[in-house]
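For reference, the chains in residue letters:
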Amino acid sequence: AGGSDNDAIYLEWIRDFVNGVGDNDAIVILEPDALALDCLYQSSVELIAEAVVILKSKPGISVYIDAGHTNWVPANEMAERLINANISIADGFALNVSNFYTAEENESYGEEISLLIGDKHFIIDTSRSGNGSNGEWCNPSGRKIGPAPTTNTGNNLIDAYLWVKPPGESDGNCNGGPSAGTWWPEYALSLVR
């Protein structure tokens with residue numbers, strides 16, 4: 001939701017983004033959910049593959065293609081999807097973006113995928129992974145923040161733990177939350193209590 005339904009406009013936006021980065025460094029987590037959702041994967045894999053080429057045209061841009069999380073798409077299937085999305089020229093893949101599975105769960109999943117795609121590295125979003133998932137994806141109660149952002153992960157395949165999803169940002173109008181993307185101070189506090 002909210003994206004362009006025109007391929008040319010999407011790729012133009014990617015080119016404009018690259019130009020905006022200029023000579024700076026940037027880490028791009030490319031298209032959260034797109035490869036994991038079957039309906040999005042079918043319609044967007046070629047665009048993601050082209051976006052990777054455009055983004056990697058600038059040496060300062062690191063690209064991690066989103067690969068869902070440990071409890072979504074089997075590792076062998078996700079590896080195939082990543083191959084089709086140009087993982088060979090990306091820096092790696094991203095796991096657990098905006099989700100709640102533990103770093104350990106995603107580490108195992110990431111290692112399985114990595115073995116199938118030439119030992120590619122990955123990052124894990126740990127912003128809300130402290131208690132793991134309770135099966136809900138939208139503002140579940142009882143969750144906690146996970147490991148702090150760092151590049152010292154203790155695993156040479158994991159480039160970083162990052163807080164990609166700001167820990168106090170709402171997932172949407174569920175479980176008492178405001179609209180998606182809105183800062184929700186009460187939820188932020190619940191993650192650190």
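Everything below is about the structure printed above this text.
A few points on the structure. Just so you know, these numbers come straight off a predicted model, no measurement behind them.

As for the environment of leucine 37
Right, so step 1: Inspection of the secondary structure puts leucine 37 in the loop between strand S1 (26-30) and helix H2 (38-55).
Right, so step 2: Between the C-alpha atom of leucine 37 and that of alanine 49, which follows or precedes it by twelve residues, the distance is 16 Å.
Right, so step 3: Apart from the residues within four sequence positions on either side, leucine 37 is in contact with Trp72 and Arg81.

Some remarks on the packing of helix H1 (residues 7-21) against H2
Right, so step 1: Contact geometry for H1 and H2: axes closest at 9 Å, N-to-C directions at 25°. For the element pair H1 / H2, the angle class is roughly parallel. Pair H1 / H2 crosses with right-handed handedness. Touching Asp7, Tyr10, Leu11, Ile14, Arg15, Phe17 and Val18 of H1 are Leu47, Glu50, Ala51, Ile54 and Leu55, all from H2.
Right, so step 2: Residue classes in the contact of H1 with H2 are distributed as nine nonpolar, no polar and three charged.

Considering unusual backbone geometry
The phi torsion of most residues other than glycine is negative, and most of the peptide bonds are trans.
Right, so step 1: Not every positive phi belongs to a glycine, and asparagine 96 is a case in point at roughly 70°.
Right, so step 2: Relative to the assigned elements, asparagine 96 resides in the loop between strand S3 (92-95) and helix H4 (103-116).
Right, so step 3: In this structure, asparagine 139 takes a positive phi of about 50° despite not being glycine.
Right, so step 4: Note that asparagine 139 resides in the loop between strand S4 (121-125) and strand S5 (158-162).
Right, so step 5: With a relative accessible area of 2%, asparagine 139 lands in the buried category.

Structural notes on the pairing of S1
Right, so step 1: Within S1, four of the five residues are buried, which leaves it mostly tucked inside the rest of the structure.
Right, so step 2: Pairing between S1 and strand S2 (residues 61-66): five bridges, direction parallel. Bridging across to S2, alanine 26 finds its partner in isoleucine 61.
Right, so step 3: Assessed by its sense of winding, the connection that carries the chain from S1 through H2 to S2 is right-handed.

Remarks on the nonpolar core
Right, so step 1: Counting 42 residues, the largest nonpolar core has Leu30, Leu35, Ile65, Met78, Leu82, Phe93 and Ile113 as the members making the most contacts within it.
Right, so step 2: If sequence neighbours within four positions are ignored, leucine 82 has contacts with Leu35, Ile65, Ala67, Ile87, Phe93, Ile113 and Ile117.
Right, so step 3: Residues Ile29, Tyr64, Ile123 and Ala160 belong to the second largest nonpolar core, which totals six residues.

Criteria and thresholds
- Residues numbered from 1 in each chain as written.
- Predicted model: local features only at pLDDT ≥ 70, side-chain atom pairs only at ≥ 80, totals over all residues.
- Heavy atoms only, no water.
- Helix = DSSP H or I, 4+ residues; strand = E, 2+ residues; numbered from the N terminus.
- Contact = heavy atoms within 4.5 Å.
- Axes fitted to C-alpha atoms, helices over the stretch in contact; angles between N-to-C directions.
- Parallel < 35°, antiparallel > 145°, perpendicular 65-115°, else oblique.
- Left-handed = near helix turned anticlockwise from the far one by under 90°.
- Nonpolar A, V, L, I, M, F, W, Y, C, P; charged D, E, K, R; others polar.
- Buried < 20%, exposed > 50% of the residue type's maximum accessible area, 1.4 Å probe, protein only.
- Pairing = 2+ DSSP bridges.
- Right-handed = clockwise from strand over helix to strand, strands pointing away.
- Core = buried A, V, L, I, M, F, W, Y, C linked by side-chain atoms within 4.5 Å.

All quantities given are derived from atomic positions and should not be read as evidence of function.
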